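Residue-level listing of the chains:
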Amino acid sequence: MLCSTLTIGCVRHIIYSGFSARFAGRKGKLLHEYNVKNDRTVVAEKEKDMAKEKKLVEAITSMEEDFAQWYTDVVKKAELIDYSAVKGCMIIKPDGYAIWENIQHELDRRFKETGVENVYMPMFIPESLLEKEKDHVEGFAPEVAWVTYGGLNQLPERLCVRPTSETLFCDFYKNDIQSYRDLPKVYNQWCNVVRWEKETRPFLRSREFLWQEGHTAHATAEEAEERTIQMLNEYADFAEQVLAIPVIKGRKTEKEKFAGAEATYTIEALMHDGKALQSGTSHNFGDGFAKAFGIQFTDKDNKLKYVHQTSWGVTTRLIGALIMVHGDNSGLVLPPKVAPTQVVIIPIQQRKEGVLDKAYELKDRLSNFRVKVDDTDKSPGWKFAEAEMRGIPVRVEIGPKDIEAGKCVLARRDTGEKLECALDELEAKIAELMETIQKDMLEKARKHRESHTYVAKNMEEMGNILNNTPGFVKAMWCGCQECEDKIKEQFAATSRCMPFEQEELSDVCVCCGKKAKKMVVWGKAY
């Protein structure tokens, strides 16, 4: 009986053990299959995210492969602009406009420190007014857009959509200035202008663009020249200290000067592809416009005299310069002083408790900077690539383990360098990084310009340089336009400027061999 009972118990145990084993086996198999499936899903999702990140970067053509296409890809993928229904005109998107606002605010502050006041002129110019200064109208005639109808009625006189506003300011000044007590007039306006360009490119050359144009009137030629140079120096300092773009200051040749100007001064920058970009100009008009428009004043000696005028301006072209001087194959690289977003905080494993809260806490602590938290549901890798594309100077990475350790990871956009930072030192470290990045970007651009600046002493040397190693070419010039024209015809290069800092590279002109008068910087340009 005992044996039977034991046998039955044993049998029951065996049956139960077998069932348990089979169940456990099935359960293990199911669990294994679930884990494998889950792992594959995770891997697939990661691969999908990586593919997206790769696609985001691959969307930019390599600058070494095609610089022009690289530029177009960057302005589009970084969401600076979009194309409009009007050919040659662009839609400036929030990030693009924010860069312009930062440029505008800083320049406006600098202008006002020198006594400049802002005004606004109409956007239409009567044809008869435009024609008062012969050289001026001839210079702009091919680019002018005309309004011939108002509503359904043909206008009695064509109206030009302003390509620039010299004539409007002159027409205003002739009535506003009567005495030496009314001088100087130091006015500036922020506006848009229209120039009907044949070939267009976003920011660099569009049919409508934004700019500032300063227009001043003075009692003497010396005052006008002083203001002309003063504003050029303002532009140069702004380009270097704010945009981190090194520039060459100099005077334009007679051929290249502004239509109607007595002298044109310029700041010239070198782009990554070795082409030059005129980045700002300041013009001394002398009394030419004053005589054409009858702008006279009674001086202290009770005699009627003509005023001496200046004009100076920069445009949204500066955004194009930022892209082409600092950008790389991952997108924009923006100097901190003009970046719409200076710091982006990217939470890692943001769904875990406390991560997003910490990210926003860090944002509040960094209130002295332009900061965003990327709390979208994209993967961290995608967010990194997007931040790089937009050129955000510093990325802050913060996750559960970082919070636990009381630290975060900082990544520099300009160098790609990553460093750990204690959370209680974050504000000081970000401030330090902003200064370092700004300085390093200027030095990097300066080194690029210096390594792509060459000297030519004859036409053969000039041809070899311009055709094989794009960049600035310093060469002596006799002052004759025939030589300037020949260089342009043979090498598609123009005189960029006669630098204020002259060097005596040779006694003779690079082109004709006659006695040289000036050193000129030459280059192919946008």
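Each remark here, short or long, concerns the structure printed above.
Residues numbered from 1 in each chain as written. Predicted model: local features only at pLDDT ≥ 70, side-chain atom pairs only at ≥ 80, totals over all residues. Heavy atoms only, no water.

A. Inspection of the overall build of the chain at higher detail. What the chain contains, in helices and strands, is 15 helices and 23 strands. Out of the 526 residues belonging to the chain, those deemed buried represent 49%. Long-range contacts, defined here as pairs at least 24 residues apart, represent 68% of the contacts in the chain between residues at least 6 apart. Within the structure as shown, the chain displays about 26,400 Å² of accessible surface, and the carbon and sulfur contribution to it stands at 51%. (Helix = DSSP H or I, 4+ residues; strand = E, 2+ residues; numbered from the N terminus. Buried < 20%, exposed > 50% of the residue type's maximum accessible area, 1.4 Å probe, protein only. Contact = heavy atoms within 4.5 Å. Areas by Shrake-Rupley, 256 points an atom, 1.4 Å probe, with all protein chains shown as cover.)

B. Fine view of the sheet that holds strand β5 (residues 145-150). What the 3 strands build is an open sheet, ordered β4-β6-β5; its pairing is antiparallel. Each edge of the open sheet is held by one strand with a lone partner, namely β4 (124-126) and β5. Pairwise comparison of adjacent strand axes, ignoring direction, gives a mean angle of 45° for this sheet. In the sheet, β5 pairs with strand β6 (residues 153-161) via 5 bridges, with the strands oriented antiparallel. Paired with Val-147 across the bridge in β6 is Leu-159. (Pairing = 2+ DSSP bridges. Axes fitted to C-alpha atoms, helices over the stretch in contact; angles between N-to-C directions.)

C. Main features of the packing of aromatic side chains. For the coordinates displayed, the defined rule picks out 13 aromatic pairs. Counting every residue linked through ring pairs, the aromatic cluster contains Trp-100, Phe-111, Trp-190, Tyr-235 and Trp-312. Sitting above the plane of the Trp-146 ring, Arg-158 keeps its charged end 3.9 Å from the centroid. Here the guanidinium or amino end of Lys-275 rests over the ring plane of Tyr-526, the centre of that ring lying 5.0 Å away. (Phe/Tyr/Trp six-rings, centres within 6.5 Å; stacked < 30°, edge-to-face > 60°. Lys NZ or Arg CZ within 6 Å of the ring centre and 35° of its normal.)

D. Quick look at helix α13 (residues 426-451). Between its terminal C-alpha atoms α13 stretches 36 Å, which fits the 38 Å expected from 26 residues at 1.5 Å a residue. Every buried residue belonging to α13 is among Leu-426, Ile-430, Leu-433, Met-434, Ile-437, Gln-438, Met-441, Leu-442, Ala-445, Arg-446, His-448 and Arg-449, and all of these are buried. (Expected span 1.5 Å × (residues − 1).)

E. The arrangement of the pattern of salt bridges in detail. The full count for this structure, using the stated rule, is 36 salt bridges. The salt bridge involving Lys-112 is made with Asp-108; its shortest N-O contact spans 2.8 Å. Of this pair, Lys-112 and Asp-108 both sit in helix α3 (residues 94-113), separated by 4 residues, roughly a single helical turn. For Lys-305, the salt bridge is made with Asp-299, and the minimal N-O distance between the two is 2.9 Å. A relative accessible area of 30% means that Lys-305 is categorised as partly exposed. Salt bridges here are not isolated pairs; linked through shared partners, they connect Glu-106, Arg-109, Arg-110, Glu-113 and Asp-237. (Salt bridge = Lys/Arg side-chain N within 4 Å of Asp/Glu carboxyl O.)

F. A look at the environment of Thr-114. Mapped onto the fold, Thr-114 is located in the loop between α3 and β3 (117-118). Assessed through its relative accessible area of 17%, Thr-114 is described here as buried. Along the primary structure Thr-114 and Gln-230 are separated by 116 residues, whereas in three dimensions their C-alpha atoms are 8.9 Å apart. In contact with Thr-114, other than residues within four places in its own chain, are Arg-227, Gln-230, Met-231 and Glu-234.

G. Molecular detail of unusual backbone geometry. That bond from Leu-183 to Pro-184 is cis: its omega, -5°, falls within 30 degrees of zero. Here Pro-184 is to be found in the loop between α6 (166-176) and β7 (185-194). One non-glycine residue, Phe-203, lies in positive phi territory at about 70°. With respect to the element layout, Phe-203 can be found in the loop between β7 and β8 (208-218). In this structure, Ala-492 is a non-glycine residue whose phi angle is positive, near 55°.

H. Highlighting the sheet that holds strand β20 (residues 453-455). Read from one edge to the other, the open sheet built from 11 strands follows the order β3-β7-β8-β14-β11-β10-β9-β22-β23-β21-β20, with strand pairing classed as mixed. The open sheet has two free edges, formed respectively by β3 and β20, since each of these has just one partner strand. Along the sheet face, α6 touches β7, β8, β11 (276-286) and β14 (308-315) and points at about 150° away from the line of β7. Taken strand by strand, helix α15 (residues 481-491) contacts β21 (472-477), β22 (494-499) and β23 (518-523), and its axis lies near 150° from that of β21.

I. Molecular detail of a nonpolar patch on the surface. Together, Tyr-120, Met-123 and Phe-124 make up an exposed nonpolar region whose accessible area comes to about 300 Å². Structurally, the position occupied by Tyr-120 is in the loop between β3 and β4. According to the relative accessible area criterion, Tyr-120 is exposed, its value standing at 53%. (Patch = residues over 30% accessible without salt bridge, like charges linked within 9 Å, V, L, I, M, F, W, Y side chains within 5 Å.)

J. The packing of α3 against helix α9 (residues 317-326), seen in detail. Direction vectors running N to C along α3 and α9 enclose 110°, while the axes themselves pass 10 Å from each other. With respect to α9, the axis of α3 lies roughly perpendicular. Residues Gly-96, Ile-99, Trp-100 and Ile-103 of α3 form the contact with α9, whose own contacting residues are Leu-318, Ile-319 and Leu-322. Broken down by class, the residue content of the contact of α3 with α9 amounts to 6 nonpolar, 1 polar and no charged. (Parallel < 35°, antiparallel > 145°, perpendicular 65-115°, else oblique. Nonpolar A, V, L, I, M, F, W, Y, C, P; charged D, E, K, R; others polar.)

K. Focus on the nonpolar core. Within the largest apolar cluster, 53 residues are counted, with the highest numbers of intra-cluster contacts made by Leu-80, Ile-103, Phe-203, Leu-243 and Ile-323. Looking at this core, the elements that each hand over two or more residues are α2 (67-77), α3, β7, α7 (221-241), β10 (263-270), β14 and α9. Broken down by element, this core gets its largest block of residues, 7 residues, from α9. Discounting chain neighbours no more than four positions away, the residues touching Ile-103 are Phe-238, Leu-243, Leu-318, Ile-319 and Val-338. (Core = buried A, V, L, I, M, F, W, Y, C linked by side-chain atoms within 4.5 Å.)

L. Region of interest: the pairing of β8. Counted residue by residue, β8 has 9 buried out of 11 residues, so it is predominantly covered. Two strands pair when backbone bridges link them, and β7 and β8 are joined in this way by 10 bridges, in the antiparallel orientation. Paired with Val-193 across the strands is Phe-209, a residue of β8. Of the strand pairs in this sheet, β8 and β14 are connected by 8 bridges, and their pairing is antiparallel. Within β14, the residue paired with Gly-214 across the bridge is Trp-312.

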